[in-house]
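An overview of the molecular structure
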Amino acid sequence: MAMNRAFLSALGCLALGWTGAGRAQNPLQPAVNPLTPLAYSRSQAFDLPLTGSQLYRPAGLWMSFPGQVQWGDPGAKPDPAKLTARIQPGAGTPVGLQLIRVSSPHGIGPDRVVWLDDLPVALATPAAKERATAQAITSPTLVQGKVDAEKADWFRLKVPAPQTLVFEVIGRRLGSAVDPQITLYDTAGRELRKGHNNDAPGLQGDPRLVFAFAQAGEVLVQVRDTAWAGGGDFHYLLRVADCPAATCAYPLAVRRGTRGRVGFAGQRVEGVQAVEIDVPADPFVDAAQVNPRGVSGQAGSPVTVRFSDHEEKVEAEPNDTPDKATPVSIPSGVTGRIDKRGDVDRYRFKATKDQRLILEGQTAAVGSPAEVILTVQDAKGAKLAETNPAQAARLDWKAPADGEYLLQVEHLHLWGGPDEVYRVTLTPFEAGFTLALQADRFEVRHDGTVDIPVLVNRQDYAGPIEISARGPAGVTGSLTIAQGQPAKPAEPAGSLRLSCPANVALGAHGLTVIGSADVNGKKLARAASVMGPIRGGMANLAFPPAGWESGATLAVIERAPFQLTARLEPATPVAPGKEASLVVTAKRAPGFEGEIALSVAGMPANVTAAGVAIAKDKSEARFPVKAAANAAEGKAALVVTGKGKVLDKELAFPAAGVELTIKK
């Protein structure tokens, strides 16, 4: 039986060492070192120095924020070890963490983070490694440093008058290995009372210290790892400012396509004006970062605002008793706060018999330190369902009868305070699916293709899913995930193949992979998440900025330096003891004239072929495929791979498989 094309293609992939996650790593991909410095102005143009290797001609810079990019002197001789990008952030870019990806005509580099701010930026000096030579800083400031093992960094700060300052270390949130803490000392080395923090609410292990100085004076600021660890990847930012210390937004979510006003919860937020945001209607934009700004005009660190597809409310106190429960509709979301110890919030909603609802509480994922427990009660207060304290606060619940019900929200530990904010959503259960990708950046060559494996998690929906991509104009592709796929959980359900014509601009382009399906008569569309690979590149940070959820990058790169085709002459079966010629033809891209070394995989037992090379400037080579007298009858797929050097790196490309038949 003749071998099908898919099988031959699979053999070609195996010959190159490809995996389900895509092509083996491209040796010409830019290698970009962690950025130093990594903090810059958000409102002025700045030069971003890039160091590493394979930094030949730049082709593009994908950024998670709007802005314009210019590269260094375009007439200068390319330096593969360094490159400079001049960046002008777009208007409205918030203070906070952003993501960049650099591409060249030959590949795309790794994720790198930058922090954009209004504060003056300084670098920690070697003097900061000793208390006796503590580095002098002034407020406001943003200092970039790196913790060494068994060492602390020391800074000397003059406070000219009584004032309150916010000291914050951004470490874990950068994807750094550091577990930072901050401590204030007087100049004699005595720790100040209430002058220490190593884990502030909602900051994913980073510290924040709000300290009121009663008088002018001088203070020592110590930053170190809690376990005295350190090294090259233990970098941090120390932020010192007279600013709000918001933990999260209030409300935590705003409906899509509307203009919303967002306030803040946390410390030093009294009197801070709410921020107006125009929420895009785009269903694949999930969140935004906003900054509180205090009386001093200095901005605090960002908080996350989620976007939703339904009504969003804020709890109305008092709602501690069933008769004063806040009425909510289905579907809807509501933001509330456990104001004080023992506070209980109640919400009243209507449901019909056997109506299946998803009742969910959100806290850590939106920056809140609160841990909540949800309880459903009937109109008389009898408990019907309750979340498991050891699991996420989520109930998949079916109403036992038509009527009114109460949703009760309380703190798992009975705590309360300005930071203890939560959001609950009440939505009808809907069958559907979610998508995820195994990588957040991909490469496609001019006149080539790229396969993007797609992971699917189904919720009571087994039907087909149509996969498409929103990316650069001209790049096309589609995939239908068949009913019931994937066959095994955590395996790709299929691969989206994108094709790129030669007229698409080289560079780094935004890419969103979208799945759509008709589920129970309703059109459902979902963007694939890339948070898995992003987390992996940030030392498994639990909650990178939510706005990065579906932001993949497609790098369009130059066409392959050569393309191979292979054929057997004669094409008729080869008898045992006989031979045929394997003819390999190379189509060379302009500028590539080097030798192409050939090898053959897939040979059956007792059949041999000695690979040769296509000589420099030549386009064809032929060599014998010999079947020994004892070669068994049957069919095999031969895969010819060619290797050539580009920029002193060896690249390998296969030809399509050739079917070999051994027959007497």
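Anyway, here's the lowdown on the structure attached to this text. Not measured: the values here are computed from a predicted model. The residue numbers shown here count from 1 along each chain, following its written sequence. Totals for whole chains, interfaces and linings use all residues, but because this is a predicted model, local features are given only for residues with pLDDT of at least 70 and pairs of side-chain atoms are given and counted only at 80 or more. Values shown for side chains rest on all heavy atoms present in the structure; no hydrogens or waters enter the calculation.

Looking at empty space enclosed by the protein
A 1.4 Å probe that fits but cannot get out identifies a cavity on a 1 Å grid over protein atoms alone, an open set with protein on both sides within 12 Å along at least five of seven lines counts as a pocket, and a residue lines either if it has an atom within 4 Å of a point. Grid points are joined across faces, edges and corners, and a volume is the space filled by probe spheres set on the points. Tallying each qualifying case throughout the model produces one cavity of 30 Å³ or more. Computed from the structure, the largest cavity encloses a volume of approximately 30 Å³. Considering the residues around the largest cavity, the lining is formed by Pro 94, Val 95, Gly 96, Leu 97, Gln 98, Gln 289, Pro 302 and Pro 545. Runs of E in the DSSP output that reach at least two residues are strands. Runs of H or I that reach at least four are helices, and both are numbered from the N terminus. In terms of residues, the lining of the largest cavity owes the most to one element, strand E7 (residues 96-104), which gives three residues.

Details of the packing of aromatic side chains
Working definition: rings of Phe, Tyr and Trp (its six-membered ring) pair if their centres are within 6.5 Å, and the pair is stacked with planes under 30 degrees apart, edge-to-face with planes over 60 apart, and tilted otherwise. One pass over the full model with this rule turns up ten aromatic pairs. Measuring from centroid to centroid gives 5.3 Å for Trp 154 and Tyr 185, while their planes differ by 50 degrees, and the two rings are tilted. Placement of the pair is Trp 154 in strand E13 (residues 153-159) and Tyr 185 in strand E15 (residues 180-185), with a sequence separation of 31 residues. A residue is classified by how much of its surface remains accessible, and Tyr 185, at 14% relative accessible area, is buried. Consider the rings of Phe 562 and Phe 653, whose centres lie 5.3 Å apart with planes at 85 degrees: the pair is edge-to-face. Pair noted here: Phe 562 is in strand E45 (residues 562-569) and Phe 653 is in strand E52 (residues 649-654), with a separation of 91 residues, a long-range link. Here Phe 562 and Phe 653 have matching classes, each one buried. By the ring-pair criterion, three or more aromatic residues cluster together here, those being Phe 167, Phe 211 and Phe 213. Geometrically, a charge over a ring is one whose NZ (Lys) or CZ (Arg) sits within 6 Å of the ring centre while staying within 35 degrees of the ring normal. Its guanidinium or amino end placed over the ring of Tyr 250, Arg 337 lies 4.5 Å from that ring's centre, counting from NZ or CZ. Its end group placed over the ring of Phe 429, Arg 356 keeps NZ or CZ at 3.6 Å from the ring centre. Only protein chains enter the accessibility calculation, which uses a 1.4 Å probe; a residue whose area is less than 20% of its type maximum is buried, one above 50% is exposed, and one in between is partly exposed.

Observations concerning the nonpolar core
If you look at the biggest cluster of nonpolar residues, it comprises 72 residues, and the most contacted ones within it are Leu 48, Trp 115, Val 454 and Ile 467. Here, residues are in contact when the closest pair of their heavy atoms is within 4.5 Å. Not counting residues within four places of it along the chain, the set of residues in contact with Val 454 comprises Leu 435, Ala 436, Leu 437, Ile 467, Ile 481, Pro 492, Ala 493, Gly 494, Leu 496 and Val 513. By nonpolar core we mean a set of buried residues, namely Ala, Val, Leu, Ile, Met, Phe, Trp, Tyr and Cys, connected to one another through side-chain atoms within 4.5 Å. In this structure, Val 607, Ile 614, Leu 638 and Val 658 belong to the second largest nonpolar core, which totals 30 residues.

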